[in-house]
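# Residue-level structural notes
These are the residues of each chain, in order.
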Amino acid sequence: MELIISILVLFIFVNGILKVSFWKGWQTLLFGAVCGAFVAATYPYAILQSKTQLADYLQNTAALKNMAVIITLESCVCFAYCIAVLQGAERQRWWMKLLKWYPGLLVFPALFYLQTELVFGFPGVGFTTISYAFAGFVVLMFPLLSRFFRCLLPQGEMRLEIHFLVSLFVCIIGLLTTVNGNVTYQAVREPLNWTAMGFAFGLFLLLFLAGMCWNRFKWRFFQKQNARRSCLLYTSPSPRDS
C-alpha cells in the first residue's frame, strides 16, 4: 500500500506541474512560494506524526474511501479543464477560466506526506533544517520543472493531452487505494441463467437492428434533402438572367 501511495503522490506532483506549465512565469513562481510557505507552516504538525499513525491511516478503509472520493473529484476538474480547452470554451465562458487558475488542492496533502517521510528518513537532522530545506526546494521546483516541461513539450495541445492522461491515471490509482486487500463483494456460485442471457442478447440484437435501420433511414432522408437543394439551386434563375 505504501508503494501505491508513493506512486500516487508522484503523479499528483507531475499533474500539478503540468497544470501550472500553462501559466506565466511569475504566476508559477508565486504558486511555488505558496507551497513553500505551506511546508514551512505545517512542519510543527508533520513532526508530531509517527510511522504507526501513518500505517494505521493506510489500513483504514473508510479514510481511504474518502480520499478516493476527493481524488476522483479533483480528476474530474482536470478532465473538465482539458475538454473545455480542446472545445474552445475557455475563451467563451468565464467560469471555464476558473478551471485554468485552479492548480489542484491535492498538491498540499502530498507535500505534507512527503515532508513527514523526509522527517522519518533523516533522523539525525533537525526538523527545522529539513522543513526549511524542503520548503526552499519546493519554491524552486514548480517554476523550474514547469519550465522544463514547456521546453520538452512546447506544444500546448501535447501537454494538455498528457495532463488528461495523468489525471486519468491519478483517478485510477485513487480508486485502487480503496481495495487494501479486502474483497467488498464476494462471488456467489449459482447456475447459469439462460433466460437472463437470452433476454440480454435479444435486447442487444433488437437495439442493434433498430440503430441500423435508423441509420439507413437517416442516410436516405439526408440524401433526398441534398438532392432537392441541388435541384433548387440548379433551376433557380441567376441574377444575370433576370
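Attention here is on the structure that accompanies the text. (Residues numbered from 1 in each chain as written. Predicted model: local features only at pLDDT ≥ 70, side-chain atom pairs only at ≥ 80, totals over all residues. Heavy atoms only, no water.)

## Examining the packing of helix α1 (residues 2-20) against helix α6 (residues 107-121)
Contact pair α1 / α6: the axes reach a minimum separation of 10 Å and the direction vectors enclose 130 degrees. As the angle between them shows, α1 and α6 are arranged oblique. Note on packing geometry: the crossing formed by α1 with α6 is left-handed. Within the contact between the two elements, α1 uses I5, S6, V9, I12, F13 and G16 and α6 uses V107, A110, L111, Y113 and L114. Considered class by class, the residues forming the contact of α1 with α6 number 9 nonpolar, 2 polar and no charged. (Axes fitted to C-alpha atoms, helices over the stretch in contact; angles between N-to-C directions. Helix = DSSP H or I, 4+ residues; strand = E, 2+ residues; numbered from the N terminus. Parallel < 35°, antiparallel > 145°, perpendicular 65-115°, else oblique. Left-handed = near helix turned anticlockwise from the far one by under 90°. Contact = heavy atoms within 4.5 Å. Nonpolar A, V, L, I, M, F, W, Y, C, P; charged D, E, K, R; others polar.)

## A few points about the packing of helix α2 (residues 25-46) against helix α7 (residues 127-152)
Interaxial distance between α2 and α7 falls to 8 Å at its minimum, and their mutual angle equals 165 degrees. In terms of their interaxial angle, α2 and α7 are classed as roughly antiparallel. Where α2 crosses over α7, the handedness of that crossing is right-handed. Contact residues: α2 offers T28, L29, F31, G32, A33, C35, G36, V39, A40 and Y43, while α7 offers F127, T128, S131, Y132, F134, A135, V138, V139, F142, P143 and S146. Within the contact of α2 with α7, the residues separate by chemical class into 15 nonpolar, 6 polar and no charged.

## Focus on the layout of surface pockets
Taken as a whole, the largest pocket encloses approximately 410 Å³ of empty space. In terms of lining, the largest pocket is formed by 16 residues, of which the most central are Y57, M67, P109, A110 and Y113. Listing elements by their share of the lining of the largest pocket, those giving two or more residues are α1, α3 (51-59), α4 (61-87) and α6. A per-element tally of the lining of the largest pocket places α6 first, with 5 residues. Here the residues of the lining of the largest pocket are counted per class, giving 15 nonpolar, 1 polar and no charged. (1 Å grid on protein atoms, 1.4 Å probe; cavity = no way out; pocket = protein on both sides within 12 Å on 5 of 7 lines; lining within 4 Å. Points joined across faces, edges and corners; volume = space filled by probe spheres on them.)

## Topic: empty space enclosed by the protein
Enumeration according to the criterion identifies 1 cavity of 30 Å³ or more in this entry. For the largest cavity, the calculated volume is near 120 Å³. Elements with a contribution of two residues or more to the lining of the largest cavity: α1, α4 and α8 (156-176). By residue class, the composition of the lining of the largest cavity is 7 nonpolar, 5 polar and 2 charged.

## Some points on the environment of Y132
Relative to the helices and strands, Y132 resides in helix α7. When its relative accessible area of 48% is taken as the criterion, Y132 is described as partly exposed. C-alpha of Y132 to C-alpha of A41: the two residues are 91 residues apart in sequence and 9.7 Å apart in space. Setting aside its immediate chain neighbours within four residues, Y132 contacts A40 and Y43. (Buried < 20%, exposed > 50% of the residue type's maximum accessible area, 1.4 Å probe, protein only.)

## Concerning the nonpolar core
Ranked by internal contacts, the top residues of the largest apolar core, which has 31 residues, are C35, L111 and F142. Leaving out residues up to four positions away in the same chain, F142 has contacts with I17, V20, T28, F31, G32, C35 and V107. (Core = buried A, V, L, I, M, F, W, Y, C linked by side-chain atoms within 4.5 Å.)

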